[in-house]
Amino acid sequence: MRDLFDIQIKDKRLKSPIAIASMAGITNAEYIKNRAKWIGLACIGGYSIDERTIEASHALVKKAREEFLFPNQESALDTIEAEIKELADSEIVICVNLRASSAESLAIAARRLGADIIYEIDAHCRQEEMIQAGCGEHLLTHTDILSQYISTLKAEGVLVSVKIRTGVAEDDTALAHLIWKAGADIIHIDCMDEGAKAVKIIRNACPLFIIGNNSISSFESAKEMLTYGADLISLARMSHSNVLSDLFNDMVQYAKETGWYNVPKQLCRGGDIRALAFCCPPVKPCPLIPYLKEIGLSPQEFIDMKTAGAGLPLMEGEGTCFGTLIFCCKLSTPCFARDLALRRASMSKATFMKEKRALADKLLSMLFT
């Protein structure tokens, strides 16, 4: 399955585009192991790891919320370490969601737990006790502190995810840019208040790996999130075995059929920045021309960039509109000339889409330097 989906976060390859999001008091090793066959990544936690956040967790339990409870930081890290070890033999990439009131608390956790896991900064929790402790949504309105948390963790040589809630920060585009520039590797987006299109805003603002979260209970809802630019989708309270099983099987089938499990819509149909891989040269009025102006790219620079980024198979295309598959559209758009060119080149439609995906990745790398 790793080859089918071809999902990689730095040196970590994932077998599935499905993740489980953290739920305090619920997502531990046992919970994950019971769902391991369908997921590629698991966020365990959230764990409060210092005095202020531990006090906040105890206060939340008094309000009948579920929490992982510890007497102190050492006990918290002992428990997290044991949970990680219990999952060591699984094929799942482990991410640990941490609630901290200082950058130093995160650094201490990284030194103790090592570089084999992903560290997720909780900038998501909206419980007042956690906000007052200096974590959760507090970080979305105090982005200088969030930036410090990210850079401190990265200095420890680990992979960093930031879980956010859209619609809280003053500007989610600026927030995504800050998280990227501070050194994070992943943005985990709760779109509860904004909907799946919020992922597109983040995708167009940075080149980071994106996990889309909230209200995913079917293949159609997952596909919508992926279409707008998510690399993974995560489930929390809907991560029941039957939901995960059906979702995984549907995504396997879709990946086999299309060759690109999170293929975007075309730009003229509302697609994100990755859709540039399907655009033809800007020779007639279309949404591409104003979009190129928006991102500061001239028509010739766009043409040169696509040509430089395309793999050798896309150089084929005799008889197509522009004599090359580089500028051909998505397979969902009927095109006799494109399909004939694919047959002449003995290229399957799935291979064509895989090449377009590779081109999209190269364009992202070029645009976000």
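Residues numbered from 1 in each chain as written. Predicted model: local features only at pLDDT ≥ 70, side-chain atom pairs only at ≥ 80, totals over all residues. Heavy atoms only, no water.

Description of the pairing of strand β6 (residues 118–123)
Residues in a regular strand project their side chains so that they alternate between the two faces of the sheet.
So, step 1. With six of six residues buried, β6 lies mostly within the body of the structure.
So, step 2. Because side chains alternate across β6, one face comprises the buried residues I118, E120 and D122, and the other comprises Y119, I121 and A123, equally buried.
So, step 3. Of the strand pairs in this sheet, strand β5 (residues 93–99) and β6 are connected by four bridges, and their pairing is parallel. In the sheet register, V96 faces β6, and the bridge partner there is Y119.
So, step 4. Once you follow β5 into helix α5 (residues 103–113) and on to β6, the crossover reads as right-handed. (Buried < 20%, exposed > 50% of the residue type's maximum accessible area, 1.4 Å probe, protein only. Helix = DSSP H or I, 4+ residues; strand = E, 2+ residues; numbered from the N terminus. Pairing = 2+ DSSP bridges. Right-handed = clockwise from strand over helix to strand, strands pointing away.)

Looking at the environment of A123
So, step 1. When you line up the elements, A123 lands in strand β6.
So, step 2. Residues A123 and W180, 57 residues apart in the sequence, show an inter-C-alpha distance of 15 Å.
So, step 3. When neighbours within four sequence positions are excluded, A123 is seen to be in contact with G136, E137, L139, L140, L146, V162, K163, I164 and R165. (Contact = heavy atoms within 4.5 Å.)

A word on the sheet that holds β5
So, step 1. Spatially, β3-β4-β5-β6-β7-β8-β9-β10 is the arrangement adopted by the eight strands of the closed barrel, whose pairing is parallel. Mean inter-strand twist for the sheet, computed between neighbouring axes without regard to direction, equals 25°.
So, step 2. Of the strands in this sheet, β5 and β6 touch α5, which is tilted by about 160° from β6. (Axes fitted to C-alpha atoms, helices over the stretch in contact; angles between N-to-C directions.)

What to know about the pattern of salt bridges
Close approach of charged atoms lets side chains of opposite charge pair.
So, step 1. Tallied over the entire structure, the rule returns 19 salt bridges.
So, step 2. In this structure, E129 and K63 form a salt bridge, with 2.5 Å as the shortest nitrogen-oxygen distance. Of this pair, E129 sits in helix α6 (residues 128–132) while K63 sits in the loop between α3 (51–61) and α4 (73–86), placing them 66 residues apart in sequence.
So, step 3. For K63, a relative accessible area of 55% corresponds to the exposed category.
So, step 4. The shortest N-O distance in the salt bridge between E67 and R99 comes to 2.7 Å. Linking E67 in the loop between α3 and α4 with R99 in strand β5, this pair joins segments that are 32 residues apart in sequence. With respect to burial, E67 and R99 carry one shared label: buried.
So, step 5. Look at the salt bridges and you will find they share partners, linking E74, D78, E81 and R112 into a network. (Salt bridge = Lys/Arg side-chain N within 4 Å of Asp/Glu carboxyl O.)

Topic: the pairing of strand β8 (residues 186–190)
So, step 1. Burial within β8 is extensive, with five of its five residues counted as buried.
So, step 2. Because side chains alternate across β8, one face comprises the buried residues I186, H188 and D190, and the other comprises I187 and I189, equally buried.
So, step 3. For strand β7 (residues 159–165) and β8, the ladder comprises five bridges, and the chain directions are parallel. The residue of β8 that forms the bridge with V162 is I187.
So, step 4. Read from β7 through helix α8 (residues 172–182) to β8, the crossover connection turns out right-handed.
So, step 5. Where β8 lies against strand β9 (residues 209–213), five bridges are found, and the strand directions are parallel.

Quick look at the packing of aromatic side chains
So, step 1. According to the stated counting rule, one finds eight aromatic pairs in the structure shown.
So, step 2. Both rings, one in Y47 and one in F68, keep their centres 4.8 Å apart while their planes meet at 35°; by these two values the pair is tilted. Pair noted here: Y47 is in strand β4 (residues 41–48) and F68 is in the loop between α3 and α4, with a separation of 21 residues, a long-range link.
So, step 3. Their ring planes at 35° and their centres at 5.7 Å tell us that W260 and F278 sit as a pair that is tilted. Placement of the pair is W260 in the loop between α11 (241–258) and α12 (288–294) and F278 in the loop between α11 and α12, with a sequence separation of 18 residues.
So, step 4. Taking the relative accessible area as the measure of exposure, W260 reaches 1% and is therefore buried.
So, step 5. What makes F278 buried here is its relative accessible area of 4%.
So, step 6. Cluster of aromatic residues (ring-pair linked, three or more members): F5, F248 and Y261. (Phe/Tyr/Trp six-rings, centres within 6.5 Å; stacked < 30°, edge-to-face > 60°.)

Observations regarding unusual backbone geometry
So, step 1. The step from G45 to G46 runs through a cis peptide bond, and the omega angle for that step is -5°.
So, step 2. Within the secondary structure, G46 is located in strand β4.
So, step 3. Even without a glycine there, the phi angle at N214 is positive, about 110°.

Regarding α3
So, step 1. Within α3 the residues assigned to the buried category are T53, I54, A56, S57 and L60. The buried residues of α3 all sit within an arc of 155° when viewed along its axis, so they share a single face.
So, step 2. For α3, the elements touching its buried residues are β4, α4, β5 and α6. (Arc of directions from axis to C-beta.)

Re α4
So, step 1. Counted at 1.5 Å a residue, the expected span for α4 with its 14 residues is 20 Å, and the 20 Å between its end C-alpha atoms agrees.
So, step 2. Of all the positions in α4, only A76, L77, I80, E83 and I84 are classed as buried. Relative to the axis of α4, the buried residues are bounded by an arc of 120° and lie together on one face.
So, step 3. Contacts from the buried residues of α4 go to α2 (29–33), β4, β5 and α5.
So, step 4. Capping the start of α4 is the job of one residue whose side-chain oxygen sits 3.3 Å from the backbone nitrogen of E74: N72. (Expected span 1.5 Å × (residues − 1). Polar contact = N/O pair within 3.5 Å; in protein donor to acceptor, adjacent residues only side chain to side chain.)

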